[in-house]
Amino acid sequence: MSVVPSIGWGVLHLSCHVDVERADRDPQAARRSLDAIAALEADGHQVLVGPALGHKADLVVMALGPDLTRLQRFQHELLQGPLLLTDSFVSLTELSPYTSSADDERARLVREDGVTDATEIEERIAVWAARMEHYQEQRIHPQLPRKAVLCFYPMSKRRDGADNWYVLPFDDRKRIMGGHARVGRTYAGRVLQLITGSTGLDDWEWGVTLLADDPVAIKDIVHEMRFDEASARYADFGPFVIALLDEPAAAFAAVGLEVPST
């Protein structure tokens, strides 16, 4: 039986340590984990894998695709190799409720760009609408490139007194998130950001995945966004994990799991 969300794809972030004793006892065990990755990709799902920096994990695996049942089976198959699961995060791809509408963009064109000609406004709206369609498709059904570095962290919105996100009127929340998005857009081409929803699925409300070729870009975007009101006043963050992405076999070899040739 398949479990397919009505909107979006399932996303698994798995942090693993190497089971050294099992790897030494069964040199072919790592092949089972690599075969699990290859089989999931052959089934139309995506996998990113890389050795981690720091003590939180040896290996980080991100898997995403349409079928939660298939992702669960992949998790089980992956751990048939010499890997011990130390942390995980479950989420779904989703659209932001704060995305600008066509009316928002029309007002922005007049207010910020000084465009008053009705024909020019509609021409620009058509271009904007095509761009937004592509953006929304990438949010719901992302095709993730294998950049050099993956950063992942969970986050939630605060509910503390005057800093309770959930008692703010929608228009205030949309304004605040608009400023947050403007900061993110300045990193276009340097950092790919994927925000996935985990409310009701995991202990935090969102997962944030950042992909970049330069780790400085990840450091910079997280630092700059800390000063934005959406983060500075209303966000709490969980632990961060960093991995250096590679081909699965190379990533396994980097943590001592080279598969002997047969």
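Note: the structure precedes this text.
For the structure given in this document, a descriptive report is provided here. Not measured: the values here are computed from a predicted model. (Residues numbered from 1 in each chain as written. Predicted model: local features only at pLDDT ≥ 70, side-chain atom pairs only at ≥ 80, totals over all residues. Heavy atoms only, no water.)

## Describing the packing of aromatic side chains
Defined as follows: Pairing of aromatic rings covers Phe, Tyr and Trp, the last counted by its six-membered ring, and requires centre-to-centre distances within 6.5 Å; plane angles under 30 degrees mean stacked, over 60 mean edge-to-face, and any other angle means tilted. Only lysine NZ and arginine CZ atoms are considered, and such an atom sits over a ring when it is within 6 Å of the ring centre and within 35 degrees of the ring normal.
By the definition in use, this model includes six aromatic pairs. In textbook terms, an aromatic cluster arises when at least three aromatic residues are bridged by ring pairs, as seen for Y98, W165, F170 and Y234. A cation sits over an aromatic face here: K157 above W165, 4.4 Å from the ring centre.

## Quick look at the nonpolar core
Rules: Side-chain atoms within 4.5 Å link the members of a nonpolar core, which is a set of buried Ala, Val, Leu, Ile, Met, Phe, Trp, Tyr and Cys residues. Only protein chains enter the accessibility calculation, which uses a 1.4 Å probe; a residue is then buried when its area is under 20% of its type maximum, exposed when over 50%, and partly exposed in between. Counting from the N terminus, the helices are the DSSP runs of H or I reaching at least four residues and the strands are the DSSP runs of E reaching at least two. Residue contacts follow a heavy-atom distance rule, with two residues in contact if any of their heavy atoms lie within 4.5 Å.
Formed by 23 residues in total, the largest nonpolar core has its most connected members in L59, V61, F74, L78, L83, F252 and L257. Of all the secondary structure elements, the ones that give two or more residues to this core are strand 1 (10-18), helix 2 (29-42), strand 2 (46-53), strand 3 (59-65), helix 3 (68-78) and helix 9 (248-254). Ranked by residue count, the leading element in this core is helix 2, at five residues. Other than its neighbours up to four places away in sequence, F252 contacts A30, S33, L34, I37, V49, L59, L83, L257 and E258.

## Quick notes on the packing of helix 4 (residues 102-113) against helix 5 (residues 118-140)
As a reminder, the rule being used: Axis geometry follows a simple rule: fit a line to the C-alpha atoms, using only the stretch in contact for helices, then measure angles between N-to-C directions, giving values from 0 to 180 degrees. The scheme is simple: roughly parallel for angles under 35 degrees, roughly antiparallel for over 145, roughly perpendicular for 65 to 115, oblique for anything else. When the near helix sits turned anticlockwise from the far one by under a right angle, the crossing is termed left-handed; a clockwise turn instead gives a right-handed crossing.
One can describe the packing of helix 4 onto helix 5 by two numbers: an axis separation of 10 Å at closest approach and a directional angle of 125°. When the axis of helix 4 is compared with that of helix 5, the two are oblique. Between helix 4 and helix 5 lies a crossing of right-handed hand. Listed contacts from helix 5 to A102, E105, R106, L109, V110 and D113 of helix 4 are I121, E122, R124, I125 and W128.

## Points about the packing of helix 2 against helix 3
Packing of helix 2 against helix 3 leaves a shortest axis separation of 8 Å and a crossing angle of 160°. When the axes of helix 2 and helix 3 are compared, the pair comes out roughly antiparallel. Seen along the crossing, helix 2 lies across helix 3 with a hand that is left-handed. Here R32, S33, A36, I37, A39 and L40 of helix 2 lie close against helix 3, whose contacting residues are R70, L71, F74, E77 and L78.

## Thoughts on the pattern of salt bridges
This is how it is decided: By definition here, a salt bridge exists when the distance from a side-chain nitrogen of Lys or Arg to a carboxyl oxygen of Asp or Glu is within 4 Å.
The final tally for this structure, using the stated rule, is 21 salt bridges. For the salt bridge of R106 with E122, the shortest nitrogen-to-oxygen distance reads 2.9 Å. Here the residue R106 occupies a position in helix 4, and E122 occupies one in helix 5, the gap between them amounting to 16 residues. Judged by its relative accessible area of 28%, R106 falls in the partly exposed class. For R159, the salt bridge is made with E205, and the minimal N-O distance between the two is 2.6 Å. Residue R159 is found in strand 6 (residues 159-160), and its partner E205 is found in the loop between strand 8 (192-197) and strand 9 (206-212); the two are separated by 46 residues along the sequence. Among the charged side chains, a salt-bridge network with shared partners connects E105, R108, R111, E112, D113, E120 and R124.

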